[in-house]
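Overview (structure and organization)
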Amino acid sequence: MIRVLTRAPSNIALVKYMGKDDARANLPANGSLSMTLDGLCTVAEVEWNPGAELSFVWKPVADPALESDKLTAFPTARVPLLNQAAVDRMSRHLMRVIESAPALMAGFGLEARSVVGTVVFRAANTFPASSGIASSASSFAALTLAMLTICAEDAKAFHARFDASSELKQAVARLSRQGSGSSCRSFDGPFVSWRGETTASVPSKMPELTDLVLLVGTAPKSVSSSEAHLRVKTSPLWQGRVERANRRSDDLKRHLSRGDFESIARLAWDEMWEMHSLFHTCAEPFTYWEPGSVTILKWLVQRLKDRWDAIVTMDAGPNVHILVRSEDAANWKTELAHHFGGMPLLSDTQGAGASILEIS
Ligand code: PMV
């Protein structure tokens, strides 16, 4: 028996992945760029018991039988309720990881073992379900890494190599992407770009940032992000979108390398409106916005008009991410509590990406 514990954070895109070139491989239509989070993450455990046949078992509960359950030892960790479709999707992905392991390992002079038997997988998120934090990004990243570590003949050597080699991180990210697109940006940090098959860490002179997330709504999404990726292409605004987003992604890299906060804030603002405008204008229009989202955006228009000291973005949901300098975070929290006191607020700093925590 071998058991591997990993952790992978979520990430928040400033230039968005929206629209695919290849839906089966999750290849994006355009380049995107995100900030990796830290404490808002998934902790995952994969256990392999060798046997005659390969099967996958999702453990939907914390495990009191484990003397010290590492998953639930994380503050606020919650085991998500996965429906059968989600369990099947993850099992198929873990199968893909096992099948891809020999070639991937060989590329790094490592050996893969043959994994046959029962694979038990568990995961817990440190953020509430449907909180506007993408759990698929962090959970696919964490489970891909745990499964792949088990596939290594020498798991400890794989661990050391993973920590030391950005090429190996990128190869694991490519594999994870096939299960969930945006998960490929959770393997490095704090800033990661993704175009086609390639992810890369982006050099930055920015001060440390904190993401303050105003939780407007926590209801499950009415339109899944897979559906959104399809529908945006029917918007009249799709024309020129790929070129605009790629240009924005290049511009953002330049602004990050110079630490130009204001230019980043303006760029992220335009990008957020553009992605949501695609949703609002496609053949079958939809919106993720709630009245609370609009209230916050209207307030931000006034608040930021003389001083762009926050980078604002929204994902496929009603919640508003406000990225501020960590040194300003306490003041921002007070200000947000004053204006939106009743609204829950999540707070997290930038992070460094997925890691292997334990092999036993
Ligand atoms: O990885 P997916 O298919 O859930 O798509 C994520 C899309 C957005 O979160 C809306 C944008 C992004 O780049 O993360």
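Above this note sits the structure.
Residues numbered from 1 in each chain as written. Predicted model: local features only at pLDDT ≥ 70, side-chain atom pairs only at ≥ 80, totals over all residues. Heavy atoms only, no water.

1. Some remarks on the site of the ligand
- Ala 13, Lys 16, Tyr 17, Met 18, Gly 181, Ser 182, Arg 185, Ser 225, His 229, Met 275, Asp 315 and Ala 316 make up every residue found near the ligand.
- Between the ligand and Arg 185 there is a distance of 2.7 Å, counted from an oxygen atom to a side-chain nitrogen or oxygen.
- At 2.8 Å, a side-chain N or O of Ser 225 approaches an oxygen atom of the ligand.
- Starting from 380 Å² of accessible surface for the ligand in isolation, the protein chains cover 91%.
- Taken together, the residues of the shell around the ligand sort by class into five nonpolar, four polar and three charged. (Near = heavy atom within 4 Å. Polar contact = N/O pair within 3.5 Å; in protein donor to acceptor, adjacent residues only side chain to side chain. Areas by Shrake-Rupley, 256 points an atom, 1.4 Å probe, with all protein chains shown as cover. Nonpolar A, V, L, I, M, F, W, Y, C, P; charged D, E, K, R; others polar.)

2. Section: the nonpolar core
- Counting 47 residues, the largest nonpolar core has Met 147, Leu 148 and Phe 158 as its most contacted members.
- Within the residue set of this core, elements represented by two or more residues are β1 (2-15), β4 (32-50), α1 (84-106), β6 (117-125), α2 (135-151), α3 (155-164), α4 (166-179) and β13 (355-359).
- It is α2 that provides the largest number of residues to this core, a total of 10 residues.
- Leave out the neighbours within four places in its chain, and Leu 148 touches Val 97, Ala 101, Leu 104, Met 105, Phe 158, Val 172 and Leu 175.
- Counting residues in each nonpolar core, the second largest holds 43 residues, with Leu 14, Ala 265, Leu 300 and Trp 332 among its members. (Core = buried A, V, L, I, M, F, W, Y, C linked by side-chain atoms within 4.5 Å. Buried < 20%, exposed > 50% of the residue type's maximum accessible area, 1.4 Å probe, protein only. Helix = DSSP H or I, 4+ residues; strand = E, 2+ residues; numbered from the N terminus. Contact = heavy atoms within 4.5 Å.)

3. Overview of the pairing of β1
- Counting buried residues in β1 gives 13 out of 14 residues, a clear majority hidden from the surface.
- Of the pairings in the sheet, the one linking β1 to β4 comprises 12 bridges and is antiparallel in character. Considered in β4, the bridge of Pro 9 is made with Cys 41.
- Direction of pairing for β1 relative to β13: antiparallel, over a ladder of four bridges. Looking at β13, one finds that Val 4 is bridged to Ile 359. (Pairing = 2+ DSSP bridges.)

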